[in-house]
Structures are given as structure tokens and as C-alpha cells.
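What the coordinates show
In case you want the letters, here they are:
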Amino acid sequence: MTALPDVTWQMAAMWLIVAGLFYLAIFRKFEPLLLVPIAFGALLANLPTEGLVNPPADGVAGGLFHYISLGVDLELFPPLIFLGVGALTDFGPLIANPRTLLLGGAAQFGVFATFLGATLIGFTPMEAGAIGIIGGADGPTSIFLANKMAPHLLAPIAVAAYSYMALVPLIQPPIMRALTTEAERRIRMQSLRPVSRLEKLIFAGLVTVVVILLVPAASALIGMLMLGNVLRESLVTERLAKAAQNEVINVVTILLGTSVGITMTGERFLNADTLKILGLGVIAFGIATAAGVLMAKAMNLVSRTKINPLIGSAGVSAVPMAARVSQIEGQRADPGNYLLMHAMGPNVAGVIGTAVVAGYFIAQYAG
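Residues numbered from 1 in each chain as written. Predicted model: local features only at pLDDT ≥ 70, side-chain atom pairs only at ≥ 80, totals over all residues. Heavy atoms only, no water.

Within an unreviewed UniProt entry, the label attached to the chain reads oxaloacetate decarboxylase (Na(+) extruding), and the organism entered is Rhodovulum viride.

Structure follows, in C-alpha cells:
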């Protein structure tokens, strides 16, 4: 009656990968809120379980994760995560210094460069688009796009996206230092002006209208992102904003993470495509980081008010981790320099930019 005879070598190999994910999440504290559920879901996927993932048949209800995973299949979980992200995000730094939107846009070069690279090594355009979005450093968007364009690659794309998001403090600094001089890293930026509540509300409404008109396929992500932000900035829906920031995003994170992990069976994960995706993910992050820094340097050539190029690296969507990396690197060069709020501008611009790029890929290749 035991399941021991059903254990395969692929399952045993995946146990080692699961152990690695648990180590990174628990002991190294790399994105633990996502990697712990993903790792546990992967553990369940690689055990000979009963009544867990089976679909309904002959009048018998399906397994627990058959129904939970519908949140990914039906594209419910990623937009709900965006609702919480919007409720947690202050767009004030971006509104106060709108030119930092260009830095968030520049970081998307990593997405398109990786898309081209993936097509050159044999992936289809739909698969390449889903892989390329890893460069945006946005886990929910990566899952959302992979489910639409390459569901068979969902597990490695999600693991790559969240793993490299966690490794931003290790991946970005060498690139930032290599592309900037000591003098550039010491640039002090002018204090940001205060941004009124009305400006923030108008911004949320304007972005919603403009982005959906231009890229309708991004409606679910942008709509929920800005709904969460309006709940935050209106100051009359405090209970709803707190729910989105806490209970909603926490519950959905657990369900989303385990649903992704449950797809990480050995048969799906242990193949050459997974290694290619992991390699392309590193390239995507590197190019995105470099593009943001180089865009800031280019802007300084034509601008009277200088930008510290370090904040360009925050154009990836890893909020607020990438902005903190800019702050840390800036203070290494000048302990009295405070770049965090300046870096939040391109950081939140990157969230919008990645959602727009995802919508473009959907419209172009999956529409």
C-alpha cells in the first residue's frame, strides 16, 4: 500500500533542487515569500501523491491543486498580485521626476534582447516572448505571460524570474560599477518636490486610460495595479487598501507559489530547455541593468540637471529591491548621498513598462 515503488530517479533529482530552493529562501532569505511556496509545491509535485492534482473523472471531484491551479490557468492570481503591488506603491517619485520613466523604459531592452537571443537558439516566438519577460524582473508578469504563451515552460520561467529577482543585489552591482565612473556615482540629485494626492489620483487614471488604449492586452495587469493605487491614494478606502496590501496579496502569494511549484515535475523540469532559460534569465537581467545605467548617462549629455546613473539600474521591476541596490552603491561612493527615493521613480516605471511589454507580446504573438 506504500508509494515507494512509484518513486523515479527524476523525483529524487528534483528533491535536491527543492532542497536548494529551500536553502536559498530560508537560510539566505532570497525572495522567501515566493520561493518557500514554490519549493513546497515542487516537493509535492515530485512525490507519488493521490488526490492532489488529478482532474475530476467519472463523477469524482478532482484533487486540491487541480482547482487551486485554476487561478493560474484562468489568469486570476497575477492580476490580484498586481492589485496588492499597486496598493503598496507610491508613484510620487515618478510623478515628481517624470523623465525617470525613460529609465524604466530603457530596462525593457533586456526583455527584447533576450527575446531575440531565445529565438536564435531555437525557441518559438511565443516561447521567446515568455522567456524574455524574465528581464523585467517581475515575477507575476512572467507567470501571466508564460501561462498565455508557453504554459509548458511556466515552471522554469517562474523559478528563473523569482530566483534572479532575489539575486538582484549580487547581479547588478558589478555591472553598475563597470559602467560608471567614481565621479558619476557621487552625483547628488536635487530633492524631489512634494506630490499632491490629486496628482497621484490623476496619474493613476491617466496611465490606466492611455495604456489600455495603446495596449489592450495589458488591461488586466495595469487595471488591477492602478485600482490598488487608487485605493491607497484616495485615503477614503483605508480598509480596502490594507486588505490589498496584506490579506489579499499574502493569500494569493501562497496559492500562486504552490500552483507554480506543483508544475515542477522532474519530467518537465529536468531538460535542456530549463538550463537555456536559466542562462537567458541572467543575460536578460544583465542587459536590463546595463541599459538603464547607459540611458541615464546618455540623458546627462543633454540635461542640465544631472542624474546619478546608478538609479538607471532600478528600471527593472524588482520593487523596492533594485532601488535599494542603487542606494547602497551610491553610499559606497559617497556615504552622504541618498538615492533611494530618486531610484523609486524608474523602479515603479519598470513595473508599468514590463506590463506594457507583456501586453505587446500577447497582442503580437498570442492575440
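1. Here we look at the packing of helix α1 (residues 9-27) against helix α2 (residues 32-45)
Our working rule: Whenever a helix is involved, its axis is fitted only over the stretch in contact; in every case the axis is a line through C-alpha atoms, and angles between N-to-C directions fall within 0 to 180 degrees. Elements are defined by DSSP. Helices are runs of H or I of four residues or more, strands are runs of E of two residues or more, and each kind is numbered from the N terminus. Put simply, angles under 35 degrees are roughly parallel, angles over 145 are roughly antiparallel, angles from 65 to 115 are roughly perpendicular, and the rest are oblique. In this scheme the crossing of two helices becomes right-handed for a clockwise turn of the near helix relative to the far one and left-handed for an anticlockwise turn of less than a right angle. The contact definition used throughout considers only heavy atoms, calling two residues in contact when any of these lie within 4.5 Å. Note that Gly is not counted as nonpolar here; it falls among the polar residues with everything else outside the nonpolar set of Ala, Val, Leu, Ile, Met, Phe, Trp, Tyr, Cys and Pro and the charged set of Asp, Glu, Lys and Arg.
Relative orientation of the contacting elements α1 and α2 amounts to 160°, with a least axis distance of 9 Å. Taken together, the axis directions place α1 and α2 in an arrangement best described as roughly antiparallel. As for how α1 packs across α2, the hand of that crossing is left-handed. Contacts between α1 and α2 involve W15, V18, L21, F22, L24, A25 and I26 from the first element and P32, L35, V36, A39, F40, A42 and L43 from the second. When its residues are assigned to classes, the contact of α1 with α2 shows 14 nonpolar, no polar and no charged.

2. Observations regarding the nonpolar core
As a reminder, the rule being used: In these notes, a set of buried Ala, Val, Leu, Ile, Met, Phe, Trp, Tyr and Cys residues joined through side-chain atoms within 4.5 Å is what counts as a nonpolar core. Residue exposure (1.4 Å probe, protein chains only): buried if accessible area is under 20% of the type maximum, exposed if over 50%, otherwise partly exposed.
Membership of the largest hydrophobic core comes to 103 residues, with the highest contact counts inside it found for F91, M226, M264 and I352. At eleven residues, the largest contribution of residues to this core is made by helix α20 (residues 340-366). In this structure, I352 is in contact with F91, L94, F203, V207, I222, L225 and M226, ignoring residues within four places of it in sequence. Counting five residues, the second-largest nonpolar core is a separate cluster that includes L83, A87, L231 and A244.

3. Some remarks on the pattern of salt bridges
Cut-off, in case you're wondering: Take a side-chain nitrogen of Lys or Arg and a carboxyl oxygen of Asp or Glu: if they are within 4 Å of each other, that pair is a salt bridge.
Overall, the coordinates contain eleven salt bridges when judged by the stated rule. R186 is paired through a salt bridge with E182; the nearest N and O atoms lie 3.7 Å apart. Classification of R186 as partly exposed rests on a relative accessible area of 42%. Owing to a relative accessible area of 38%, E182 belongs among the partly exposed residues under this scheme.

4. Some words on the packing of aromatic side chains
Heads up, the condition is: Two rings from Phe, Tyr or Trp (for Trp, the six-membered ring) form a pair when their centres are within 6.5 Å of each other. A pair whose planes differ by under 30 degrees is stacked, one over 60 is edge-to-face, and the rest are tilted.
Applying the stated rule across the entire model yields eight aromatic pairs. Note on F115 and Y365: the rings are 5.6 Å apart at their centroids and 40° apart in plane angle, and the pair reads as tilted. Of this pair, F115 sits in helix α8 (residues 109-120) while Y365 sits in helix α20, and the two are 250 residues apart along the sequence. Considering the side-chain rings of F361 and Y365, the 6.3 Å spacing of their centres and the 35° angle between planes classify their relative orientation as tilted. Here Y365 and F361 lie together in helix α20, a separation of four residues that amounts to about one turn.

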